[in-house]
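Single-letter residue listing:
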Amino acid sequence: MNHNQQSSDGIHEDDAALSDFLASLMDYTPTIPDELVEHYLAKSGFQCPDVRLIRLVAVATQKFVAEVATDALQQCKARQTTVVKDKRDKQQKDKRLMLTMEDLSRALHEYGVNVKHQEYFADSPSTGMDPASRDE
């Protein structure tokens, strides 16, 4: 078998795999609704009647959001581990994780998305609350 025949067999296999994947998108219901994807694609000037392409964009978006959320969670865990070490107090009353805009901004920055928020943005649930109710 010569090199050209091998590479063309690989191309046909890739085409078949792509065709199978696109066909499977017809049976798949993505987390992000088709209407929402169509709205934002239309808003950016893209029109496509092919539902498979709309769902492909939805799957790619879902993957991006999941990766950003995972990275933000890692940022949050790293930040809270640092806070515990800084306090020198190993006993924590509340072991819940609190995701902040700083965590999300750092995660998005890794993907080239820069997020800036106003100075008055509240990163703490107690910000702006009555001091008497903060102790609850």
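As shown above, the structure is provided for reference.
Only a predicted model underlies this, so the values are computations on that prediction, with no experimental measurement involved.

Peer 1: How would you explain the overall build of the protein chain if you had to name every residue and give the values?
Peer 2: Along its length, the protein chain carries 4 helices and 0 strands. Mapped in sequence order, the helices and strands of the protein chain form the string α-α-α-α. By residue count, 15% of the 136 residues in the protein chain fall in the buried class. At a minimum sequence separation of 6, the contacts of the protein chain that also span at least 24 residues come to 56%. Working note: accessible area of the protein chain is about 10,900 Å², and carbon and sulfur atoms make up 55% of it.

Peer 1: Pulling in residues and values, what's your account of a nonpolar patch on the surface?
Peer 2: A cluster of nonpolar side chains, namely Phe64, Val65, Tyr111, Val113 and Val115, defines an oily patch on the protein surface of about 360 Å² accessible area. Within the fold, phenylalanine 64 resides in helix H3 (residues 51–87). A relative accessible area of 32% places phenylalanine 64 in the partly exposed class.

Peer 1: Could you give an account of the pattern of salt bridges, with specific residues and numbers?
Peer 2: According to the stated counting rule, one finds 5 salt bridges in the structure shown. The partner of arginine 106 in a salt bridge is glutamate 102, with the nearest N and O atoms 2.6 Å apart. Highlighted residues: arginine 106 and glutamate 102, both in helix H4 (residues 101–109), separated by 4 residues, approximately one helical turn. In this structure glutamate 102 comes out as partly exposed when scored by relative accessible area, which is 35%.

Peer 1: An account of the side chain of aspartate 34 is needed here, citing residue identities and associated values.
Peer 2: Mapped onto the secondary structure, aspartate 34 falls in helix H2 (residues 34–43). Under the relative-accessibility criterion, aspartate 34 is labelled buried at 15%. A distance of 3.1 Å separates a polar atom in the side chain of aspartate 34 from a polar atom in the side chain of arginine 55. Filtering out sequence-adjacent residues up to four positions away, aspartate 34 remains in contact with Val51, Ile54 and Arg55.

Peer 1: Go over the nonpolar core with me, naming the residues and quoting the values.
Peer 2: Within the largest apolar cluster, 5 residues are counted, these being Ile32, Val37, Leu41, Ile54 and Ala58. With sequence-adjacent residues up to four places away left out, isoleucine 32 is seen in contact with Val37, Ala58, Thr61 and Gln62.

Peer 1: I'd like to hear about H2, residue by residue, with values.
Peer 2: When we look at burial in H2, the residues that qualify are Asp34, Val37 and Leu41. Down the axis, H2 shows its buried residues gathered within 65° of arc, on one side only. Pointing more than 90 degrees away from the buried face of H2 are the exposed residues Glu35 and Lys43.

Peer 1: Give me the packing of aromatic side chains: which residues, what numbers.
Peer 2: Enumeration according to the criterion identifies 1 aromatic pair in this entry. Here phenylalanine 64 and tyrosine 111 contribute two aromatic rings whose centre-to-centre distance is 5.5 Å and whose plane-to-plane angle is 80°, an arrangement assigned as edge-to-face. Linking phenylalanine 64 in helix H3 with tyrosine 111 in the segment after H4, this pair joins segments that are 47 residues apart in sequence. The exposure class assigned to tyrosine 111 is partly exposed, which follows from its relative accessible area of 33%.

Peer 1: Before we move on, could you go through the environment of leucine 73 and cite the residues and values that matter?
Peer 2: As for its position among the elements, leucine 73 is in helix H3. Sequence separation between leucine 73 and leucine 97 is 24 residues, and the spatial gap between their C-alpha atoms is 8.4 Å. Residues within four places of leucine 73 in sequence aside, it is in contact with Leu97 and Leu99.

So, how was this worked out
Residues numbered from 1 in each chain as written. Predicted model: local features only at pLDDT ≥ 70, side-chain atom pairs only at ≥ 80, totals over all residues. Heavy atoms only, no water. Helix = DSSP H or I, 4+ residues; strand = E, 2+ residues; numbered from the N terminus. Buried < 20%, exposed > 50% of the residue type's maximum accessible area, 1.4 Å probe, protein only. Contact = heavy atoms within 4.5 Å. Areas by Shrake-Rupley, 256 points an atom, 1.4 Å probe, with all protein chains shown as cover. Patch = residues over 30% accessible without salt bridge, like charges linked within 9 Å, V, L, I, M, F, W, Y side chains within 5 Å. Salt bridge = Lys/Arg side-chain N within 4 Å of Asp/Glu carboxyl O. Polar contact = N/O pair within 3.5 Å; in protein donor to acceptor, adjacent residues only side chain to side chain. Core = buried A, V, L, I, M, F, W, Y, C linked by side-chain atoms within 4.5 Å. Arc of directions from axis to C-beta. Phe/Tyr/Trp six-rings, centres within 6.5 Å; stacked < 30°, edge-to-face > 60°.

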